[in-house]
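Inside the fold
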Amino acid sequence: MSVDHDVVMIGAGPSALTAAIYTTREEIDTVLFEKSIAGGLAATTDWIDNYPGYSKGIEGIKLADELRQQAERFGAKLSFKEIATLRRHDNHIQLTTTKGDVLSARAVLIATGSNHRTLNVPGENEYYSRGVHYCATCDGAFYKNRRIAVVGGGNSAVQEAIFLTRFASHVDLLVRSKLRASEVLQEKLATLRDKITVHLETATDEVVATDDVVTGVRVTSGNSSRVIPVDGVFIFVGLIPNTQFLKDTPIELDKAGHIKTDNNLETAMPGVFAAGDVRSRSTAQIASAVGDGATAALRIREYLEAL
Amino acid sequence: MKITVYSTQTCPFCVQLKQWLDKKGYEYTDYSVDKNPYAAQIMIRQSGQMGVPFTTIEHEDGTLDKILGFDRKKLATILES
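In this text the structure is predicted, and so the values were computed from the model without any measurement. (Residues numbered from 1 in each chain as written. Chains lettered and ligands numbered in written order. Predicted model: local features only at pLDDT ≥ 70, side-chain atom pairs only at ≥ 80, totals over all residues. Heavy atoms only, no water.)

1. Re the overall build of chain B
Heads up, the rule is: The helix count covers DSSP runs of H or I at least four residues long, the strand count covers runs of E at least two residues long, and both are numbered beginning at the N terminus. Note that the radius of gyration is over C-alpha atoms, with the globule rule given as 2.2 Å times the number of residues to the power 0.38.
The number of helices and strands found in chain B is 3 helices and 4 strands. Counting from the amino terminus, chain B carries its helices and strands in the arrangement β-α-β-α-β-β-α. At 12 Å, chain B has a C-alpha radius of gyration in line with the 12 Å of a compact globule built from 81 residues. C-alpha atoms of chain B, sized along the principal axes, occupy 30 × 25 × 20 Å.

As structure tokens, this is what we get:
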């Protein structure tokens, strides 16, 4: 039976695009399946300061576009379809899209990354896109001279809070425990005390609305509960790996849902590799995702040669 | 058919939506809602929300399709019908 592609990559973020640069340069037929946009979460980051080679930093959207163009230059093909499932069949892997298309590949790379975790509090779903947001670079501009709350204490939350000061009259940063952002970001945050108020040990309980318009967030600090008046809420409370589509496969996941691999980045399903943020024990950095992508591509090449 | 895109300059979904329209050869009017508060108000009134990209497609018969987000499937279905 003929196989459609040498390699199918699921995802088109920095990890898969890097892997595709390596495979296509060696004329390994490669198709990337992406359900959203090329560049993944990195593309939604307003500014990236810790990616090597850009001494002044680079916009996430620009880095994503450069990676995509570089992969396409060597012949990588992008297909904007979602993979629903995959299974091992004879000596290849059969994949099915959510539309029901079936295709086959000699090897597969899963680099589906992660998505922003939701808070699961009342009002969050109801006011999504009408006061509740998960993408500051997309929707921050609607809050010019208005007051915003940013929920979270990690790198993303602090970076996006800083970005949102471009628009907002004031940002309330609601941190459930302590700040976990890098020292560099915390130092930058400290210079913006007049624009960003940091509320530590503050749990966000509810998005509050009046007449169907978001007017605040209810928070608990210690034993006291109060409403902080804001016009919009941006939520950055961590990431969840995009592995739900693997639940009926033999691919092993860790407790948090990341894909377990061996030292060759191969999963429990032979011929299926994983790289980037979706891989168990990944450091969730663009630089490491890119490194993972290069390693995975070389291991895939070895795997294909041995077939 | 008149295509209008409401976008922001920093939104990757907006950039890729416009690249997709360019590649397919569709002409459109692009309003940067981060630069144009009047357009932002029109978009909020038309869509009832504050997320971009938001695209409207006005047909010859006066009907209007509204697409929130970069929904390739929906855009293709409407534009190619």
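Past the structure itself, the notes keep going.
2. With respect to helix α7 (residues 286–306) of chain A
The criterion, for reference: Between the first and last residue of a helix there are one fewer steps than residues, each counted as 1.5 Å, and that sum is the expected span. Burial classes: relative accessible area under 20% of the type maximum marks a residue as buried, over 50% as exposed, and values in between as partly exposed (1.4 Å probe, protein chains only).
In this model, α7 of chain A (21 residues) spans 30 Å end to end at C-alpha, consistent with the 30 Å of a helix rising 1.5 Å per residue. Restricting attention to buried positions, one finds in α7 of chain A the residues I286, A289, V290, D292, G293, A294, A296, A297, I300, Y303 and L304 of chain A.

3. Quick notes on the interface of chain B and chain A
Convention followed: Here, two residues are considered to be in contact whenever any of their heavy atoms come within 4.5 Å of each other. Accessible-area loss on putting two parts together, using a 1.4 Å probe and summing over both, is the definition of buried area adopted here. For the purposes of these results, a polar contact is taken to be a pair of N or O atoms within 3.5 Å, where, inside protein, one atom must be able to donate a hydrogen and its partner to accept one; residues adjacent in sequence count only when each atom of the pair is a side-chain atom. Polar here means any residue other than Ala, Val, Leu, Ile, Met, Phe, Trp, Tyr, Cys and Pro, which are nonpolar, and Asp, Glu, Lys and Arg, which are charged; Gly is therefore polar.
The interface is formed by 21 residues belonging to chain B together with 25 residues belonging to chain A. Contact between chain B and chain A buries roughly 1800 Å² in total, counting both sides, with carbon and sulfur atoms accounting for 62%. The largest contributions to the chain B side of the interface with chain A come from T10, M50 and R72 of chain B, which together make up 35% of the buried area. Our count for the chain B to chain A interface comes out at 9 residue pairs in polar contact (both at pLDDT 80 or more). Those elements giving two or more residues to the side of chain B that touches chain A turn out to be α1 (12–24), α2 (37–47) and α3 (72–80) of chain B. Of the residues in the side of chain B that touches chain A, the class split is 11 nonpolar, 7 polar and 3 charged.

4. Overview of helix α5 (residues 155–164) of chain A
Residues and elements named next belong to chain A. Buried residues dominate α5, accounting for 8 of its 10 residues. Taken together, the buried positions of α5 are A157, V158, Q159, E160, A161, I162, F163 and L164. The secondary structure elements touched by the buried residues of α5 are α4 (136–139), β9 (147–151), β10 (170–174), α6 (183–190), β11 (196–199) and β15 (232–235).

5. Focus: the side chain of T249 of chain A
Residue and element names in this part refer to chain A. Its place among the elements puts T249 in the loop between β16 (239–241) and β17 (272–274). Within the structure, the side chain of T249 is placed 2.7 Å from the backbone oxygen of L246, a separation counted as a polar contact. Not counting residues within four places of it along the chain, the set of residues in contact with T249 comprises T85, L86 and M269.

6. Details of the state of the cysteines
Residue and element names in this part refer to chain A. Defined as follows: Note on terminology: pairs of cysteine sulfur atoms within 2.5 Å are recorded as disulfides.
Evaluated as defined, the whole model comprises 1 disulfide over all chains. Across the disulfide from C135 sits C138; the S-S distance is 2.3 Å. Negative torsions about the S-S bond denote left-handed disulfides, and the value of about 65° found for C135 with C138 makes this one right-handed. Taking the relative accessible area as the measure of exposure, C135 reaches 12% and is therefore buried. Since its relative accessible area comes to 3%, C138 is described here as buried.

7. Here's the deal with the pattern of salt bridges
Residues and elements named next belong to chain A. In plain terms, the rule: Here, a salt bridge means any Lys or Arg side-chain nitrogen found within 4 Å of an Asp or Glu carboxyl oxygen.
One pass over the structure, following the stated rule, counts 17 salt bridges over all chains. Measuring nitrogen to oxygen at the nearest pair gives 3.2 Å for the salt bridge that ties R106 to D6. Within this pair, whereas R106 is found in strand β6 (residues 102–110), its partner D6 is found in strand β1 (residues 5–10), the two being separated by 100 residues in sequence. On the basis of relative accessibility, which here comes to 33%, the residue R106 falls in the partly exposed class. The partner of E26 in a salt bridge is R301, with the nearest N and O atoms 2.9 Å apart. Placement of E26 in the loop between α1 (14–25) and β2 (30–33) and of R301 in helix α7 is noted, with a sequence separation of 275 residues between them. Each member of the salt-bridge network shares a partner with another, and the members are D65, R68 and E72.

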